Amino acid sequence: MKVTAAFDYNNVDLKKDQTLHLVLTLTAPKLDWENVRASLALMLTVDTSGSMGGDKIRYAQESLLKMVDHLSPQDYCGLTEFNSESYLRFKPQLMTPENKQELKAMVLKLRANGGTAFADGMLTSLAALRAIDGEMVKRVIMFTDGEANVGPASPDQICALLPEHLGTSSISSFGYGKGANQDLMEQLSTEAKGNYAFIETPDAAPKAFAKELGGLLSVYAHRINLTMQPTFGLEVLETVTDVTMKPADDNGFSISIPELLSEEVRHLVVKCRVKSGDATETPTLKLSSAFTTMSPVQTLQTCESLQVARVEGSEVQTSPTPAIDKLVAVAQLNRKQIEAEAMVKKGNYFEAQACLSSFSGDLQRRGLSDLSGSTSKMAHMFNDASSYNESLGYLK
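These numbers were taken from a predicted model, which means no experiment stands behind them.

Engineer: Can you walk me through the layout of surface pockets in this structure?
Structural biologist: Leftover empty space is mapped by rolling, across the atoms, a probe with the size of a water molecule. The calculated volume of the second largest pocket comes to roughly 620 Å³. Considering the residues around the second largest pocket, the lining is formed by 25 residues, among which Leu166, Gly167, Ser169, Lys193 and Ser256 are closest to the centre. Of all elements in the fold, only strand S7 (137–144), helix H5 (162–165), helix H6 (182–191), strand S10 (219–231) and strand S13 (252–261) reach the threshold of two or more residues within the lining of the second largest pocket. When residues of the lining of the second largest pocket are assigned to their parent elements, the largest contribution, six residues, is made by S13. A class-by-class count of the residues in the lining of the second largest pocket yields nine nonpolar, 10 polar and six charged.

Engineer: Can you walk me through the nonpolar core in this structure?
Structural biologist: Side chains of nonpolar character tend, in soluble globular proteins, to be buried together. Counting residues in each nonpolar core, the largest one holds 36 residues, and the members touching the most others are Leu40, Leu44, Leu79, Leu103, Phe143 and Phe174. Elements with a contribution of two residues or more to this core: strand S4 (40–47), helix H1 (55–69), strand S5 (76–82), helix H2 (97–108), S7, strand S8 (170–176), strand S9 (196–199) and helix H7 (205–217). For this core, the leading source of residues is H1, giving seven residues. Ignoring sequence-local partners within four residues, the contact set of Phe143 consists of Thr45, Val46, Asp47, Met52, Ala60, Phe82, Phe174, Tyr176, Ile199, Ala205 and Phe209. Within the second largest apolar cluster, 31 residues are counted, among which are Leu24, Ala28, Tyr220 and Leu234.

Engineer: Could you clarify how one ought to interpret the packing of helix H8 (residues 322–345) against helix H10 (residues 369–380) in this entry?
Structural biologist: A pair of packed helices is captured by two measures, namely the crossing angle of their axes and the spacing between those axes. Closest axis-to-axis distance for the H8/H10 pair is 11 Å, and the angle between their directions is 5 degrees. Taken as axis vectors, H8 and H10 run roughly parallel relative to one another. For the pair H8 and H10, contact is made by Lys326, Ala329, Val330, Leu333 and Gln337 and by Leu371, Thr375 and Met378, respectively. Partitioning the contact of H8 with H10 into residue classes produces five nonpolar, two polar and one charged.

Engineer: Just to check I follow, could you spell out the packing of aromatic side chains for this structure?
Structural biologist: Throughout the structure, instances matching the rule amount to one aromatic pair. The interplanar angle of 80 degrees and the centroid separation of 5.9 Å between the aromatic rings of Phe82 and Phe118 together place this pair among those described as edge-to-face. Here Phe118 lies in helix H3 (residues 118–130) and Phe82 lies in strand S5, a separation of 36 residues in the sequence. One cation-aromatic arrangement involves Arg89 over Tyr87; the distance from NZ or CZ to the ring centre is 4.4 Å.

Engineer: I tried to follow the pattern of salt bridges on my own but got confused; where do I start?
Structural biologist: Should their charged atoms come close, side chains of opposite charge can pair. Within this structure, the stated rule accounts for 14 salt bridges. For the salt bridge of Asp17 with Lys275, the shortest nitrogen-to-oxygen distance reads 3.2 Å. Linking Asp17 in the loop between strand S2 (11–13) and strand S3 (18–27) with Lys275 in the loop between strand S14 (265–274) and strand S15 (284–294), this pair joins segments that are 258 residues apart in sequence. Taking relative accessible area as the criterion, Asp17 reaches 43% and is therefore assigned partly exposed. In this structure Lys275 comes out as partly exposed when scored by relative accessible area, which is 31%.

Engineer: Would you explain H8 in this entry?
Structural biologist: Compared with the 34 Å implied by 1.5 Å per residue over 24 residues, the 35 Å span of H8 between its first and last C-alpha is a close match. When H8 is considered as a whole, its buried residues turn out to be Ile324, Asp325, Val328, Ala329, Ala331, Gln332, Leu333, Gln337, Ala340, Glu341 and Val344. Just beyond H8, the residue with positive phi is Gly347, at close to 85 degrees.

The rules behind these values
- Per chain, residue numbering runs from 1 following the sequence as it is written.
- Confidence filtering applies because this is a predicted model: local features only for residues at pLDDT of at least 70, side-chain atom pairs given and counted only at 80 or more, and all residues used for totals across whole chains, interfaces and linings.
- As a convention, hydrogens and water are excluded, and side-chain values are obtained from all of the structure's heavy atoms.
- Site definitions follow a grid-based scheme: protein atoms alone, a 1 Å grid, a 1.4 Å probe that fits but cannot get out for cavities, and for pockets an open set with protein on both sides within 12 Å along at least five of seven lines, plus lining residues having an atom within 4 Å of a point.
- Grid points are joined across faces, edges and corners, and a volume is the space filled by probe spheres set on the points.
- What counts as a helix is a DSSP run of H or I of at least four residues, what counts as a strand is a run of E of at least two, and both are numbered from the N terminus.
- Classification convention: Asp, Glu, Lys, Arg as charged; Ala, Val, Leu, Ile, Met, Phe, Trp, Tyr, Cys, Pro as nonpolar; all other residues, Gly among them, as polar.
- Side-chain atoms within 4.5 Å are what join buried Ala, Val, Leu, Ile, Met, Phe, Trp, Tyr and Cys residues into a set we call a nonpolar core.
- Burial here depends on accessible area, computed with a 1.4 Å probe over protein chains only, as a share of the maximum for the residue type. Under 20% is buried, over 50% is exposed, and the range in between is partly exposed.
- Here, two residues are considered to be in contact whenever any of their heavy atoms come within 4.5 Å of each other.
- Under this scheme, a helix contributes an axis fitted over its contacting stretch, all axes are lines through C-alpha atoms, and angles between N-to-C directions fall in the 0 to 180 degree range.
- Oblique is the label for any angle not covered by the other classes, which are roughly parallel (under 35 degrees), roughly antiparallel (over 145) and roughly perpendicular (65 to 115).
- Classification of ring pairs uses Phe, Tyr and Trp, with its six-membered ring standing for Trp, and accepts pairs whose centres are within 6.5 Å; under 30 degrees between planes counts as stacked, over 60 as edge-to-face, and the remaining range as tilted.
- Counted as over-ring charges are cases with an Arg CZ or a Lys NZ within 6 Å of the ring centre that also lie within 35 degrees of the ring normal.
- Whenever a carboxyl oxygen of Asp or Glu lies within 4 Å of a side-chain nitrogen of Lys or Arg, that contact is scored as a salt bridge.
- For a helix, the expected span equals 1.5 Å multiplied by the residue count minus one.

Next up, the structure:
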């Protein structure tokens with residue numbers, strides 16, 4: 001895996017504080033994942049409350065069966081059912097032909113009845129994965145069509161359980177229909193470093209599950225940790241990309257990424273600041289990375305330093321490097337969309353549209369006309385409730 005870093009400004013005025021952005025780019029090589037890939041440990045975690053009856057449970061079963069079919073004898077898979085309580089229906093086991101048939105038979109026995117003990121189902125599956133030893137990709141896949149109404153129920157209450165119980169696993173969330181708590185699904189998948197999908201109709205479920213499985217099968221590296229240590233007047237302020245940054249040793253900061261897929265390129269944008277100061281002191285960022293590749297299984301580390309020059313007069317860079325600024329703009333747009341959706345959830349459609357329209361103008365001034373046009377079109381989707389609801393499939 002290749003890790004590169006670049007600032008959008010390389011020469012800043014030594015007499016002024018300067019805000020700038022750091023772009024970290026992770027690039028995975030091509031992996032022959034169809035023949036050589038990481039082992040998986042999956043817990044299929046299914047809501048079988050009363051509202052999941054009919055086509056919903058049938059399509060869910062169809063999706064789960066296809067997922068099981070694609071697993072190999074090197075993979076573990078188990079099944080948790082939750083309604084008013086949670087039940088470990090199938091302890092995670094290697095997917096030999098015999099175990100596959102037993103698991104598929106258990107999937108077909110699922111029936112809809114009762115309430116929605118979402119947190120209990122999640123914790124049951126996480127506990128089952130913690131009991132498995134070995135270097136593999138561990139993922140809980142949550143599938144629900146409703147609101148959690150038994151035990152911890154709010155997004156904050158459920159996510160508060162993660163630090164103690166998540167371990168080395170991640171969680172993907174599939175919200176089924178407009179009755180599902182999409183806020184919960186989205187927040188959980190973000191904090192648990194998995195994926196989130198909005199499934200509008202029952203027949204869309206197989207496609208969403210296929211996309212999830214395809215990603216899991218092609219994992220090149222996981223447990224990726226990036227550490228930044230700024231010195232000589234360089235400050236790390238916040239992430240623009242929707243990832244979590246935490247304090248690290250020696251006044252540093254760390255970002256953790258659960259996995260990177262074969263041939264995937266991922267850009268992470270971090271907002272920084274260079275304080276005014278002497279030209280003889282060069283603001284420097286020490287960047288180190290550690291990650292585990294899946295085939296072969298090995299832990300690797302990299303380290304590099306990145307500098308910004310304090311200059312004056314004609315040497316001061318007056319505009320950002322265009323290629324880097326475009327990557328920054330894409331991350332900023334994603335952040336603006338999240339802010340606009342939060343406004344919409346409070347009924348503030350005008351404010352949401354104004355937020356995106358204003359950013360569209362900013363992009364135009366930066367010479368990013370293509371992104372500006374896309375943002376302007378997105379703003380119109382936040383015009384009112386009808387426009388927003390029609391756009392949900394596009395926005396998700």
